[in-house]
Each structure stands twice: as structure tokens, then as C-alpha cells.
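# Structural description and commentary
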Amino acid sequence: MWPIIHKLGSPKWFYTMSGRWLPFLWGSGALLIIAGSVWGLAFAPPDYQQGDSFRIIYVHVPAAILAQSCFAMMAVCSVIFLVWRIKLADMAAGAAAPFGAAMTFSALFSGALWGVPTWGTWWVWDARLTSMLLMLFIYLGIMALRGAFASRDGGARAAAILTLVGVINLPIIKYSVVWWNTLHQGATFSITEKPAMPASMWLPLLLMVLGFYLLFAAVTIARTRNEIIRRQPSARWVRALAQGGRNGL
Amino acid sequence: MVMGAFTLSDERTAAGRLPGLWQGFAATLARDCRLRFRRRSELANPLIFFALVVTLFPLGLAPDSTLLASIAPGLLWVSALLAVLLSLDGLFRDDFDDGTLEQLLLAPQPAGVLVLAKIVAHWLTTGLPLALISPLLAIMLSLPGHSMGVLMITLLLGSATLSLIGAIGAALTVGLRRGGVLLSLLILPLYTPVLIFGAGTVRLAIEGAVLTPWLALMGAMLALSLLAAPWAAGAALKLSLDG
Amino acid sequence: MAFDSLADFWAMNGYAVYVWPAFAVVLGSLVAFALASVVEQRRLLRHVAALERREARRPGRTAAADEEVS
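Conventions and cut-offs
- Residues numbered from 1 in each chain as written.
- Chains lettered and ligands numbered in written order.
- Predicted model: local features only at pLDDT ≥ 70, side-chain atom pairs only at ≥ 80, totals over all residues.
- pLDDT = per-residue confidence, 0-100.
- Contact = placed C-beta atoms within 7 Å.
- Helix = DSSP H or I, 4+ residues; strand = E, 2+ residues; numbered from the N terminus.
- Nonpolar A, V, L, I, M, F, W, Y, C, P; charged D, E, K, R; others polar.
- UniProt positions renumbered as here; feature names shortened; annotations may be inferred.
- Expected span 1.5 Å × (residues − 1).
- Buried ≥ 20, exposed ≤ 12 C-beta atoms within 10 Å, placed from the backbone.

### Some points on the confidence of the model for chain C
- Per-residue pLDDT for chain C averages 82, and the proportion of residues at 70 or more is 83%.
- Reported confidences for the modelled complex are a pTM of 0.88 and an ipTM of 0.86.

### Considering the interface of chain B and chain A
- On the side of chain A, 25 residues touch chain B, which itself brings 20 residues to the contact.
- Of all elements in the fold, only helix 9 (148-173), helix 10 (179-207) and helix 11 (212-242) of chain B reach the threshold of two or more residues within the side of chain B that touches chain A.
- The element best represented in the side of chain B that touches chain A is helix 10 of chain B, accounting for 10 residues.
- Broken down by class, the residue content of the side of chain B that touches chain A amounts to 16 nonpolar, three polar and one charged.

### Observations regarding the interface of chain C and chain A
- Counting residues at the interface gives 34 residues for chain C, matched by 40 residues for chain A.
- Considering each element in turn, the side of chain C that touches chain A owes the most residues, 22 residues, to helix 2 (residues 16-57) of chain C.

### A short note on the UniProt feature "transmembrane region" (unreviewed entry) in chain C
- Those residues carrying the UniProt feature "transmembrane region" (unreviewed entry) are residues 15-36 of chain C in this numbering.
- For residues 15-36 of chain C, the end-to-end C-alpha separation is 31 Å, with 95% helix and 0% strand making up the annotated structure.

### Observations regarding the UniProt feature "transmembrane region" (unreviewed entry) in chain B
Residue and element names in this part refer to chain B.
- The UniProt entry lists residues 43-61, 67-92, 113-143, 149-174, 181-202 and 214-237 under the feature "transmembrane region" (unreviewed entry), expressed in the numbering used here.
- Across residues 113-143, helical content stands at 87% and strand content at 0%; the span's end C-alpha atoms are separated by 39 Å.
- Across residues 214-237, helical content stands at 100% and strand content at 0%; the span's end C-alpha atoms are separated by 33 Å.

### Here we look at helix 7 (residues 111-125) of chain B
All names here are of chain B.
- With 15 residues, helix 7 extends 21 Å between its outermost C-alpha atoms, agreeing within 8% with the 21 Å of an ideal straight helix rising 1.5 Å per residue.
- Buried residues dominate helix 7, accounting for 11 of its 15 residues.
- Burial in helix 7 covers these residues: A111, L114, V115, L116, A117, K118, I119, A121, H122, W123 and T125.
- Lining the buried residues of helix 7 we find helix 2 (21-38), helix 3 (40-60), helix 6 (100-106), helix 8 (127-140), helix 9 and helix 11.

### Some words on unusual backbone geometry
- In this structure, A:R85 takes a positive phi of about 60° despite not being glycine.
- Along the chain, the position of A:R85 falls in the loop between helix 3 (57-84) and helix 4 (87-119).
- Look at C:M12: it is not a glycine, yet its phi comes out positive at around 50°.
- Relative to the helices and strands, C:M12 resides in the loop between helix 1 (6-11) and helix 2.
- For C:M12, a count of 20 C-beta atoms within 10 Å puts it in the buried group.

This is how it looks when you write it as C-alpha cells:
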């Protein structure tokens, strides 16, 4: 058990192993997203109620799913970092945070654009939207806290603690916002309650979600690799890598 | 730091045993309360802030009593929340600056228990007075009389939760030179459930609805934060002292 | 194909203003992250190589051992 964990936690081992996987992740992720986009934009039939505006679903839903998955992944990394002190876990959590924030923002932005033709307004204080907005603020808080510390270890531990507090709070926020929302206007707006979609509609969505996951993995790994170099530029193997030109890619 | 450790071990030899969990808690609580009561003007600051913010809203909106009554629950709750937020920076700051915090974390009692004592002292001098004066301000906003009691209860329960969650943020930012703004950025999103349930319960009280489930939910949030927050804050204090 | 012509496709039956910006922002941020991470890696490796050369020129110095790339 322990030798495996230490091997997994070794930056050098991670760098070499992930280098082999990375091209595959980039390639398959891009391929799936391109295929899903073309299929979703051009070939999927228009929705009988929303017409062609429903095609926003093909970016909105994957972004929203990734925003939440990214937070979950950061929480797992934070536990690993706080309990076993594996620095690689912290590097991965730090690498994922900006991506998660970007996905949260993307989901909110595409949701607002979808809201105009569907609901007639850019923004409603809907439970989903509001809890996504709060999640964006938590992401920004985690990133700001990490940056505010002079010592890297301090920032890393602080960000990990805040991530865990956030992950406990997110379901509570979600639940409270649902309650608050039903108190006000009744659950009128529900994006997800659709009549069962035909396969020609949900298959491209599935491709997009898978593609987003693959790209998330690729981006996080690539950013973690950069962080490894940034943290130990004097390690012998990093020097050898830099001498060897592009071999490490 | 070293001296503190020696003092403690001396105490142990003199008394024959370690000071217990409860003793540590009570001593920290008494010390913090005494310190806070010595600075009376600082004690009043959150209350004055609360009253001032509440005064601002009618000025910014309109002196219309039906309008004010309809928004009074949210308005009072937001103001109280901001008043608590304002007081959070001082929760650990002085003890951090003069080294008391380091002593506290070296004590044989678990850090969570001692941090909880500090949080209780903070609530006794911030949340409790806020809840007690809230009916006064509620009258000025023409909140219906029968909901005053509910307002006080929600503020009592809610402000304790606010102190507990806020302690995590205060502990994370106490070592930073300009932690104040960052503290609000970290803590405000986490405060939203308390605000929603607190203000919502008061609104339901105005309508005359059954309140027990919502008060129970507020109690559940308090219980959850009581379990988790002191330990998280203790861990955060340790890293703030390391950094 | 759900559209009759390419012009139809671009117009999205009047929903172009909503559909295209949404795709542009979401897919654009993905592309931006991908490009940024690759560019960053090149820059970091160049920087490390420069460090190595600088130290090779002054063999007595190993002070850069703790140096970090910003």
C-alpha cells in the first residue's frame, strides 16, 4: 500500500507517466467535443418548444457538470493533501481551481444566454442559478486565499481547509436556496424536466460531457506538470528534461 | 512558546494532574469575556454598526411603513450578518499578535475545545447583544409585533452559527496582513444558508405559518457547525501560526 | 442535417445571438486553458534550460538550487 502511494505521489513518476497519457487525452477530448458540437449544432433535431435555442444545452450542461465535478475532485485532493501530506494532490487541486471557476462562469453565462429566449430574461433567482453563482464565489475565494499566503505550504493548507468547508456547505447552500426559491415563486423554472429526449438529441450531449471530462483531465494534468517544474526547477530530471527539448511533452 | 510549555508542565506537577477539558474551556471563556468587557467601546461597535446600517435602508428606499415592514426581516438579518462579519477580524487578531494564540495551541487540551471557548465568548459579546437589541430596530422598521419573538430566536440561533462559520475564515486569514476583505470574500458565500433560513423564518412568522420545522433546521445548522467549525478553525489557526 | 442551407445554420432560426456566443465562451475557455498550459510548459522548460546554462558558466555557484521559476 504505502510504496504505491509514495510512488503515485512522486512528481517525477507522475510527470513521466502522465506524459504518455496526455496526448491521448488531448486528442480524444478534442475529437469528442468537435464531434458533439457538430452533431448537436447541425444534425440534432430542433426542440419542439424551444426551437434551435435549445442547442445551448450542448455546452451549458457539460460546463455545469464539470463545475461540480471539479469541486468534488478538489475536495478529494484536499483530503489526500491534508491527511497524507502528498504535495502532488495539492498541486492538482491548485491546477484544477481556475478551470472549475471558468466552467462555473461558463455555465452561468451560457445559462443567461439560454434564459432570454426561454424565460424572457437574462437572470432569474432560480435555485440552480443562485447556487451556481455562490459556487463561483467559493471558487474565487479558494483561489484568492491560496494566493494571499506568502508561504506556499500555508496557502496550500488554507486552500485545502476552505475547499473542505466549501464542499460540506455546497449541499446546504443548494438545499436552502431551493427552499427559499419555493417559498417565493414556486418551482416554476425547471430546465431539466423535459419530455424524454430522443437519442439524436442526448447522444451528442453524452459525447460533449465525455469530451469535457477528458479535456478537464488533460488540462489539470498539464497544469499540474507545469506546477511541478515551477516548484523544482533545479531537480536533475527537470534539468535533463529542459535540455532534451520537447521530449517531456 | 517554550516558556508556556514549561508553565504548563509546572502546573501539572503542582496539581498532580493535567487541567481537564472543561477547566481549559472555562478558563479560556472567562479570560476572553473579561478581555472583551474591558474594552467597552469596542463591545458597542457592532451594535452601533447594526443600528446604522438599519437606518440607512429607509433613507435609501422610502419612509413607507408597509414597504419597510415587508422587507424588514431580510433587512434586519442582512444588517446583523454584516455586523457579525465586521467583528470577526478581531476574533483571533489580538491573541495572534501578542503570542497568546501560540500558547493556547500548545495547551494539553485539544485546540477545538479552546477555539470553541473563544467563539462562545465572541457570540456572547456580539451575536447575543445583536439579538437582544433587534426588536428595537424592528419597531423602527414597523415589523409586525407578533414576529418580534421569532426574530430574536432566529438571530440567537443564527448568529451563533455565524460566529462558528466565521471563526474558520478568521482563523484562515489571521496571519495575513490585509485579511479583512479576503475574510468577507471567503465567509459571505458560506453565510447564505443561515441568512436564507433566518430571514425566511421571520417572514413565515409574519404570515402566521408553522415555524417549528424551520427553527429545527436552524438548530440543525447550528449543531453541524458546532461539530465541525471549531476543529476546522483550530487546524486553520495552526497553519496560520506556521506560516 | 437539421437545416436547409448554410445560411440557415448560421442564423439558427433567429437564435444565433444566443447560441453562438454561448458556444464561443464555453468552448473558447476550453481552448484558452489548453493553449495556455502548453505555452506555459514551453516557457517553463526554456527558463529551466536558461538556468542550467547560467549555472554551467559559473561552476562554483549552486545557490540557484533553491531558486524557483515564477
